[in-house]
Amino acid sequence: MQRAVLRGPLRGGARPWPVVSQQLVCLFHAGLRALAADKELLVTLRKKTGYSFLNCKKALEKFRGNPKQAEAWLHEQAQKEGWSKASKLQDRKTKEGLIGLLQEGNTAVMVEVNCETDFVARNVKFQQLVQQAATGTMFHHQGVKNQLTTYVKHFLKAAELSQLRTGPAGSLLSDQLALAIGKLGENMALKRAAWVAVPANYYIGSYVHGALPVDNPALANMALGKYGALVICQASEQSAKSNLADLGRRLGQHVVGMAPLSVGSLEDEPGGDTETKMLAQPFLLDPSVTLGQYVQPQGVAVVDFVRFECGEDTEVPEVELMQQREGH
């Protein structure tokens, strides 16, 4: 290696400045570029995976700066840690959580995912898990929605839901659940899902109560809250004059607020606050009329509904199971 050379006379006792060789300058700048590249890799991996800087640095060092291998290793380690933590926390009660509602054209999905505290329910990572459960349910049923002559309604319990995939090449929801448990440190559960599809002359009204503000653009297609309702309606020519989206929202509000157990019929006698048949109940937004009296002039027939309340008993009524077996 060349030594630094001193040039120029000494003036006024000033110390001479060393003139660094070109080779040292090149080495110095090359080192700076390498450090910048390493830092950029670290920041990119941290942003993409969400894992800590320490773990991302360890992964990059382990695989000599290969980001794909580092990312795969991080996911593998997180999966192992998540399943380990899930096993330790499985006995903890999960009474909090969210109802997630996803609607696409003539289909709609409603899911319930539980956690231990409301604090975690407001965490974006937990909300992404709810979204994955909804999209997985939608994907699972995608072949059923074509050429319908009547509506279809299907329920999934926890065991079935956990075995769904998030998409065509997606991972199992049970694996995503373990990852979320590992990251957030609380017990969680994929509790249930409902999927509904309707033909052209039907529509689905929907409503989520206690809806949370969605700050993440990736969650913009989801409605998240503590209560949710899907209301299946059959439309007529007269109903074309009505705003079906607004009407569907009002019907959903009624289902959430009044918690009916069945639809009933327009011939049912009007009931009071204890009435459980939907069409005979006082309309939530105008108790002077029944729900049946409210919808009849608008040319809409209420056919069925689904109501989810976060933390409620999830036993599916026998009448619902019979409807599923009959293809309704």
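A.B. asks: Is there a simple way to explain the sheet that holds strand S12 (residues 300-309) in this structure?
C.D. replies: Picture the strands of a sheet paired through backbone hydrogen bonds; they go either parallel or antiparallel. With respect to topology, three strands assemble into an open sheet ordered S7-S9-S12, the strand pairing being antiparallel. Only two strands of the sheet have a single neighbouring strand rather than two, namely strand S7 (202-209) and S12. In this sheet, neighbouring strand axes are inclined to one another by 15° on average, regardless of whether the strands run parallel or antiparallel. Summarising the sheet, S7 and strand S9 (residues 227-235) pair through eight bridges and their orientation is antiparallel. Bridged to Tyr-203 within S9 is Cys-233.

A.B. asks: So what exactly am I meant to see when it comes to the packing of aromatic side chains here?
C.D. replies: Taken as a whole and judged by the stated rule, the model has two aromatic pairs. Taking the centre distance of 6.4 Å and the plane angle of 45° together, the rings of Tyr-151 and Tyr-202 count as tilted. Separated by 51 residues along the polypeptide, Tyr-151 in the loop between helix H5 (124-140) and strand S5 (152-157) and Tyr-202 in strand S7 bring together distant segments of the chain. Residue class for Tyr-151 comes out buried when judged on its relative accessible area of 7%. Taking relative accessible area as the criterion, Tyr-202 reaches 14% and is therefore assigned buried.

A.B. asks: Any chance you could explain the pattern of salt bridges here in plain terms?
C.D. replies: Side chains carrying opposite charge are able to pair once their charged atoms draw close together. As enumerated under the stated definition, the model contains 12 salt bridges in all. Between Glu-116 and Arg-92 there is a salt bridge, with the nearest N and O atoms lying 3.4 Å from each other. Placement of Glu-116 in the loop between strand S4 (107-115) and helix H4 (118-121) and of Arg-92 in the loop between helix H3 (67-89) and strand S3 (96-104) is noted, with a sequence separation of 24 residues between them. In this structure, Arg-192 engages Glu-312 in a salt bridge whose closest nitrogen and oxygen atoms are separated by 2.8 Å. Of the two residues, Arg-192 is situated in strand S6 (residues 189-197) and Glu-312 in the loop between S12 and helix H10 (318-325); the sequence distance between them amounts to 120 residues. Assessed through its relative accessible area of 21%, Glu-312 is described here as partly exposed. Via salt bridges that share partners, Glu-112, Lys-191, Arg-192, Arg-307, Glu-309 and Glu-312 belong to a single interconnected network.

Cut-offs applied
Throughout this document, residue positions are counted from 1 along each chain, in the order its sequence is written. This being a predicted model, a pLDDT of at least 70 is required before a residue's local features are given, and a value of 80 or more before pairs of side-chain atoms are given or counted; all residues contribute to the totals for chains, interfaces and linings. With hydrogens and water stripped out, all remaining heavy atoms of the structure feed into the side-chain values. Pairing between two strands is assigned when DSSP locates at least 2 bridges connecting them. Secondary structure elements follow DSSP: runs of H or I no shorter than four residues count as helices, runs of E no shorter than two count as strands, and numbering proceeds from the N terminus. To define axes, lines are fitted to C-alpha atoms, for helices over the stretch in contact only, and angles between the resulting N-to-C directions are given on a 0 to 180 degree scale. Any two of the Phe, Tyr and Trp rings considered here, Trp counted by its six-membered ring, make a pair once their centres fall within 6.5 Å; the pair's planes then place it as stacked at under 30 degrees, edge-to-face at over 60, or tilted in between. Here the term buried applies to any residue with accessible area under 20% of the maximum for its type, exposed to any over 50%, and partly exposed to those in between, with areas from a 1.4 Å probe on protein chains only. Salt bridge, as applied in this entry: a Lys or Arg side-chain nitrogen positioned within 4 Å of an Asp or Glu carboxyl oxygen.

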